[in-house]
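One letter stands for each residue in the lines below.
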Amino acid sequence: MASSHSSSPVPQSNSSDAFFKKEMDATKRFRPVQSLPDVCPKEPTGDPHNLCDSPSLVADQHRWTIYHSKVNLPAALNDPRSPRNILHYTNRKSLRERRFMKDARTFVLLKIPSTGLYYTPTINPGQIWNKYLSTAGGKGNRDAASSKLLQEKLSHYLDIVEVNIAHQISLRSEAFFHAMTSQHELQDYLRKTSQAVKLLREKIAQIDKVMCEGSLQVLRLSLTRNNCIKAYNKLKLMATVHQTQPTVQLLLSTSEFVGALDLIATTQEVLQQELQGIHSFRHLGSQLCELEKLIDKMMIAEFSTYARNDLNRPLEDDCQILEEERLVSLVFGLLKQRKLNFYEIYGDEMIITAKNVIKQCVVNTVSQIEEIDTEVVVKIADQMRMMNFPQWFDLLKNIFSKFTIFLKRIKATLNTIRSVVFLVLDKNQKTRDLEDTLQKSSKDSTVDTEVAYLTHEGMFISDAFSEGDLPPVAADTTSQRNTSPNSEPCSSDSVSEPECTTDSSSSKEQTSSSVTPGAVEMMISDDMKLTDLELVRLANNIQELLYNASDICHDRSVKFLMARAKDGFLEKLNSNEFVTLSRLMEGFILDTEQICGRKSMSLRGALQSQANRFVNRFHEERKTKLSLLLDNERWKQAEVPAEFQDLVDSVSDGRISLPEKKPAATEERKPAEFLVVEGQKYATVGTVLLLIRIILEYCQCVDNIPSITTDMLTRLSDLLKYFNSRSCQLVLGAGALQVVGLKTITTKNLALSSRCLQLIVHYIPIIRAHFEARLQPKQYSMLRHFDHITKDYHDHVAEISAKLVAIMDSLFDKLLSKYEVKAPVPSACFRNICKQMAKMHEAIYDLLPEEQTQMLFLRINASYKLHLKRQLAHLNVVNDGGPLNGLVTSDVAFYTGNLQALKGLNNLDLNMAEIWEQKR
C-alpha cells in the first residue's frame, strides 16, 4: 500500500507554519562535515603540513571520543564527570514531548480528523486498541457497517501519512549522501590513527626493553631476597616458639611466675601476629591458655603459703620482710593476671594468726605458773582466770608487745605490696607520656619497632633477627631489656648468638635483702593492662587491710579482757592497779595508731566501759568514806600533819597530784596548828584535810586516765556538793547534835565550818583549771558546775556569818530589853554585853582572818546599836545633855572601850552617835 501511494501528490498548504519553514533551505539545517583529528602524533617527516594536520593527544584530550558514549540511561545519569546529567535528561525529555505535540498538529494540517485513537506519551498503546475494540465491537448489521467504515478511514489516513513521510525523505536525500561521504573520510582518519598507535607501541616496547627490564629484574630479585630472609626469620621464630612450653615448665619449677607469664603472653602475641595460620601451631594457643590458668592457681596457692609463713614466724623484735624478692615477683604476677583480690588471702591469714598469738602467749604463761594444774583445769580461759593481777598483767603486756611486732611486720609487707602497685601506676603514666611524645614525633618521621620476645633461656625472640635489620629504636630496646646486673652469657639450642639471662630468672641469685627500684621496674611488662582507677583502688584496699589488722588486734584484745572480766575481776582492782592497766592499754592504743595511722575504737571503747565502772566504784568508795567522816566529825580544830602541809605546798607549786611517800625520817616532824596555804592560815577539821586528799585523787586519776575526764568532773562536782549540803545539815542544821552527840553548836563550831568552806573554795579555781586543760573545747560547758559550787559555798559562808550575827542579835535583844538608865555606871547590862562580846571574839579570832573578824563585829555592832536605840526611845532618853543622857554616854563609852580593846578591833569605827534619835 505504501508503494502504491509513493507517487501520489502530497497535499500542500498555504499556511506559514513552522513545520514548512524549517525545510526551506537544507544547507542551513546541516553544518559541513568536519574531519576528525588524529589521536596519535606522527613522527616528523620533514613535511610541516603533515605535522600540523596530525592528531594531537594534548590538544584533543577534551574532545568527544568513543568513551563518551552512554550505553543506557543509568550510565548517563550516574556519570560523575557530568554533574548536570539529570537536568539535561529532563530537558531532553520535555523537548521530545514538544516534538510530539508538533507532530500532533501535523495531523491537523494533513486534514486527518481526530479520532482519539492516536498515541500520546501519557496513553498506553494497549489502551488505544481497547478503545478501538470498544468502538467497533457492537452487535448487528449497523454496527458491522460502521466498523468497516472506520477501518477504511484509518487505512486512508495511513496512506496520507506514508505519502508525507516519503516526501520528507526526498527532501533530506542530500543530507543522507553527505553523511555517507563523511563516513569514508572518517574511515581514512581511523586507518591513519591505527598506524600511529602501532608505531607508538613499537617505540614503547623498545624503551621498555632498553631502560626498564633490567631495573625491574633487580627489584624482583631484591623482593625475592627479602622474602627469603623473612621466611628464614619466620622459621627461626617458629623454632623459638616451639621451645615455649619446656621453657615455661622450667620457669615454673623455680617459681618464676612473672617470667612464665611474660613468655606465654609474648608467645600468644607472636602466634596472633607473626605466626597466624601456621598449621603446626594450631593447638598451641589453647594449650598456653590452659597453662596460664594453671599458673593463676599456682600463684594464688604460692601467695597463700607466703602469707602463712610470713605471719607465723616467731614474733621476735625483727620486722624484716620475708623473702622480699619472692613477694615482689608474686605481686607482679598477680597484677599481670588481674587477680586484684589477692590481699583478701593475707587478711584471712591475719585473723587466724591473731588468734594463735593470744593462745600461745596464754599457754606459755600458764606453763610457768606452778599454782595452775593444766591437767585439772583444761580450758585456757579457766586457766587465765586463776591468775592474780600481776601475773595477768604481765600476760597482757606480753600480748600487747607481740601484737605490736605483728602489726609492724604486716605494715612492712603491705608497704612492699603497695610500692609495687605504685610502680605499676608510675609505669603507666610514663607509658602514656611516651606515647604522647611518639605521636607528636610521628608527624616528622615513622619509626618501625619490633617487639622483643623471651626464649626459654631468657633470650628475646627479636634477637633471632639480624641486628642489622633492626631499626635503631628496636635495637636499643632489645639491648636494654637484655641487660641485667647479674647477667651471664649463655647459649641456646636454636640461636647461636650470645644471650643474657632475664631479671626474673636471675632474681634468685641476688643476695640483697631489698629489691632495687631499677630491677623492680624492669619486671613490669608493657602488657599489664590495668587502669589507673583499678590500681588506685587496689592501693587503697591494701591500706585498708592495714587498718583492719589494727582492728583485729584490738578486737582480740577486747575478747581477752572480757574473758577475764566475767567474774568481776577488773571491777575489784584498786585505783593503782586500774591506773597501771589503763596506762598499758593507752600505750598499746597509741602504738597501734602510730603504726597503722588510724584510730581503732574497739579496745578504746572497752577501756572506756571499764573506766566508767571504775569511776562509779571509785566515786562511791570516796563518797561513802566522806559520809562516814562527816558523821563522826565533832567540828573541832584538828592538827595538820606535815604530809598534808606538803600536799598543799605541792599544789601551790603547780603539781596537782599526790606526793610520793617519803622516808620515815619525815614522820618526826610535829603537826602544825594551822594549815598554811599561800601565806594564809586555815583552821580546819580532819574531814576537810582528807577531802583535799580525795580531791587530788580525782585530779590524779584524770591525769592517769584521760578518757574519764568528763565522768570524773561530774563525780567530783557531786562530791563537793555533797560535802557542802551535809556540813550545812550537821552545823547550821544542828544535825551533829544527834549524829555525833554534841551538846550544842557553838560559835567556834560555826566559825570553823566557815573557814573549812573557805579553804575548799580556795581550791575550786585550781581544780577547774586542771580539768579545763584536759577537756575538749566543746566540753567547756561542763565547767559551769564549778561556778555553781562556788556560789553555793559562798552562800553557805554567808549563812554562817548571818548565824553568828543572829546569835549576838538575840543576846542584845534579851539584855537591852531590861536595860534601865540608872547608877551605878557601867550598868550590869553593859558589863554582861561586853563579856559576851569578849567571848565571841575569843572564839572566832583564831579561826577567822582579821578582816573577816572586823566585818563580823561591825555587823554585830550595828545590831547592838539598833537594839540600844530602840530601848532608849522606849525609855524616852534623848541626847539633851541631861543626867540620863550622861549615864547612857558613860555606859556607851564603857562598851566602846571594851570592844576596841579586843585584839584586832582597836581601829574599828563604831559610830555610836547613831543610837540617838535625830531631831526633826
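What counts and how
- Residues numbered from 1 in each chain as written.
- Predicted model: local features only at pLDDT ≥ 70, side-chain atom pairs only at ≥ 80, totals over all residues.
- Heavy atoms only, no water.
- Helix = DSSP H or I, 4+ residues; strand = E, 2+ residues; numbered from the N terminus.
- Buried < 20%, exposed > 50% of the residue type's maximum accessible area, 1.4 Å probe, protein only.
- Areas by Shrake-Rupley, 256 points an atom, 1.4 Å probe, with all protein chains shown as cover.
- Polar contact = N/O pair within 3.5 Å; in protein donor to acceptor, adjacent residues only side chain to side chain.
- Contact = heavy atoms within 4.5 Å.
- Patch = residues over 30% accessible without salt bridge, like charges linked within 9 Å, V, L, I, M, F, W, Y side chains within 5 Å.
- Salt bridge = Lys/Arg side-chain N within 4 Å of Asp/Glu carboxyl O.
- Disulfide = S-S within 2.5 Å.
- Phe/Tyr/Trp six-rings, centres within 6.5 Å; stacked < 30°, edge-to-face > 60°.
- Lys NZ or Arg CZ within 6 Å of the ring centre and 35° of its normal.
- Core = buried A, V, L, I, M, F, W, Y, C linked by side-chain atoms within 4.5 Å.
- Arc of directions from axis to C-beta.
- Axes fitted to C-alpha atoms, helices over the stretch in contact; angles between N-to-C directions.
- Parallel < 35°, antiparallel > 145°, perpendicular 65-115°, else oblique.
- Nonpolar A, V, L, I, M, F, W, Y, C, P; charged D, E, K, R; others polar.
- Expected span 1.5 Å × (residues − 1).
- pLDDT = per-residue confidence, 0-100.

Asker: Just to check I follow, could you spell out the overall build of the chain for this structure?
Answerer: Scanning the chain from terminus to terminus reveals 30 helices and 2 strands. Residue burial in the chain is summarised as follows: out of 920 residues, 38% are buried. Total accessible area on the chain is roughly 53900 Å²; 54% of this is exposed by carbon and sulfur atoms.

Asker: Looking at this structure, how should I read the side chain of His-841?
Answerer: Of note, His-841 is situated in helix H28 (residues 828-844). Separated by 2.5 Å, the side chain of His-841 and the backbone oxygen of Lys-903 make a polar contact. Sequence-distant contacts of His-841, defined by excluding residues within four places in its chain, comprise Thr-853, Phe-857, Leu-902, Lys-903 and Leu-905.

Asker: Hey, could you run me through a nonpolar patch on the surface in this one?
Answerer: On the surface, a cluster of nonpolar side chains totalling about 350 Å² of accessible area is made up of Phe-176, Phe-177 and Met-180. Tracing the backbone through its elements, the reader meets Met-180 in helix H8 (residues 173-242).

Asker: When you look at the pattern of salt bridges in this model, what are you seeing that I'm missing?
Answerer: Should the charged atoms of two oppositely charged side chains come close, the side chains can pair. Applying the stated criterion across every chain yields a total of 17 salt bridges. With a closest N to O distance of 3.6 Å, Glu-349 and Arg-308 form a salt bridge. You can see Glu-349 sitting in helix H13 (residues 343-367) and its partner Arg-308 sitting in helix H11 (residues 284-311), a full 41 residues away along the chain. As a salt-bridge pair, Arg-617 and Glu-621 come within 3.0 Å of each other at their nearest N and O atoms. Within this pair, Arg-617 and its partner Glu-621 are both found in helix H21 (residues 601-631), separated by 4 residues, close to a single helical turn. Where salt bridges share partners, they join Arg-617, Glu-621, Arg-622 and Glu-697 into one cluster.

Asker: Is there a simple way to think about the state of the cysteines in this case?
Answerer: Put plainly, two cysteines are in a disulfide when a covalent bond ties their sulfur atoms together. Scanning the entire structure with this criterion turns up 0 disulfides. Cys-829 carries a free sulfur, and the closest cysteine sulfur to it, the one in Cys-834, is 9.4 Å from it.

Asker: Even after reading the chapter, I still don't get the side chain of Glu-534, so can you show me in this structure?
Answerer: Locating Glu-534 in the fold gives a position in helix H19 (residues 532-564). Residue Glu-534 is classed as buried on the basis of its relative accessible area, which comes to 18%.

Asker: What should I look at first to understand the packing of aromatic side chains in this one?
Answerer: When we look at a pair of aromatic rings, we describe it by the centre distance and by the angle of the planes. Applying the stated rule across the entire model yields 13 aromatic pairs. Taking 5.9 Å as the distance between ring centres and 0° as the angle between the ring planes, the aromatic pair formed by Trp-392 and Phe-560 counts as stacked. Highlighted residues: Trp-392 in helix H15 (residues 389-441) and Phe-560 in helix H19, separated in sequence by 168 residues. Classification of Trp-392 by relative accessible area gives buried; the value is 0%. Using a relative accessible area of 6% as the deciding quantity, one classes Phe-560 as buried. An aromatic cluster is present here, built from Phe-812, Tyr-819, Phe-830, Tyr-864 and Tyr-895 joined pairwise through their rings. Here Lys-192 stacks its cationic end above the ring of Tyr-189, 5.8 Å away from the centre of that ring.

Asker: How should the nonpolar core be read in this particular structure?
Answerer: Within soluble globular proteins, side chains that are nonpolar tend to cluster in buried spots. Core analysis: the biggest nonpolar cluster contains 199 residues, and Trp-392, Phe-771 and Phe-857 have the highest contact counts within it. Element by element, the count of residues in this core is highest for H15, at 18 residues. Sequence-distant contacts of Trp-392, defined by excluding residues within four places in its chain, comprise Met-384, Met-387, Phe-560, Leu-561, Arg-564, Phe-569, Leu-570 and Leu-581.

Asker: Can you help me understand unusual backbone geometry in this one?
Answerer: It is generally the case that most residues other than glycine have a negative phi and that most peptide bonds are trans. Cis geometry marks the peptide bond from Ala-823 to Pro-824, where omega comes out at 0°. Within the element layout of this structure, Pro-824 appears in the loop between helix H27 (784-816) and H28. Between Val-825 and the following residue, Pro-826, the backbone shows a cis peptide bond with an omega angle of -5°. Assignment of secondary structure puts Pro-826 in the loop between H27 and H28. Not every positive phi belongs to a glycine, and Glu-678 is a case in point at roughly 55°.

Asker: Just to check I follow, could you spell out helix H9 (residues 244-253) for this structure?
Answerer: Note that an α-helix has 3.6 residues per turn; residues three or four places apart therefore point the same way. Along H9, the residues that are buried comprise Thr-244, Thr-247, Val-248, Leu-251 and Leu-252. An end-on view of H9 places all buried positions within 135° of arc, on one side of the element. Those residues of H9 that are exposed and angled more than 90 degrees off the buried face are Leu-250 and Ser-253. On the buried face of H9, the contacting elements are H8, helix H10 (257-273) and H11. Residue Ser-255 follows H9 closely and has a positive phi angle near 60°.

Asker: Would you mind showing me how to read the packing of H15 against helix H20 (residues 575-596) here?
Answerer: Between H15 and H20, whose axes approach to 10 Å, the crossing angle comes to 5°. If you check the angle between H15 and H20, you find them roughly parallel. Contacts between H15 and H20 pair Phe-389, Trp-392, Phe-393, Leu-396, Lys-397, Phe-400, Phe-403, Thr-404, Leu-407, Lys-408 and Lys-411 from the former with Glu-577, Thr-580, Leu-581, Leu-584, Met-585, Phe-588, Thr-592, Gln-594, Ile-595 and Cys-596 from the latter. Residue classes in the contact of H15 with H20 are distributed as 13 nonpolar, 4 polar and 4 charged.

Asker: It is not clear to me how the environment of Val-328 should be interpreted in this structure. Could you clarify?
Answerer: Looking at where Val-328 falls in the secondary structure, it is placed in helix H12 (residues 324-336). On the basis of relative accessible area, Val-328 is assigned to the buried category, the value being 3%. Along the sequence, Val-328 and Ser-419 sit 91 residues apart, while their C-alpha atoms lie 9.3 Å from each other.

Asker: It is not clear to me how H20 should be interpreted in this structure. Could you clarify?
Answerer: In this model, H20 (22 residues) spans 31 Å end to end at C-alpha, consistent with the 32 Å of a helix rising 1.5 Å per residue. Of the residues one or two after H20, Gly-597 is the one with positive phi, at around 80°.

Asker: Sorry, what's going on with the packing of helix H23 (residues 686-704) against helix H24 (residues 709-732) here?
Answerer: Two packed helices can be described by the angle between their axes and the distance between those axes. Packing of H23 against H24 brings their axes to within 9 Å, and their N-to-C directions diverge by 170°. In this view, H23 runs roughly antiparallel relative to H24, as classed from their interaxial angle. In contact with Thr-687, Val-688, Leu-691, Ile-694, Ile-695, Tyr-698, Cys-701 and Val-702 of H23, H24 contributes Thr-709, Met-712, Arg-715, Leu-716, Leu-719, Leu-720 and Phe-723. Within the contact of H23 with H24, the residues separate by chemical class into 12 nonpolar, 2 polar and 1 charged.

Asker: Can you help me understand the confidence of the model for the chain in this one?
Answerer: Any residue range with low pLDDT should be treated as having predicted coordinates unsuitable for detailed reading. With 74% of its residues at a pLDDT of 70 or more, the chain shows a mean pLDDT of 76. With pLDDT under 50 throughout, residues 1-54 is counted as low confidence; its partners more than four residues away or in other chains account for 57 contacts. Taken together, the stretch residues 446-519 has pLDDT below 50 and engages in 113 contacts with residues farther than four places along the chain or on a different chain.

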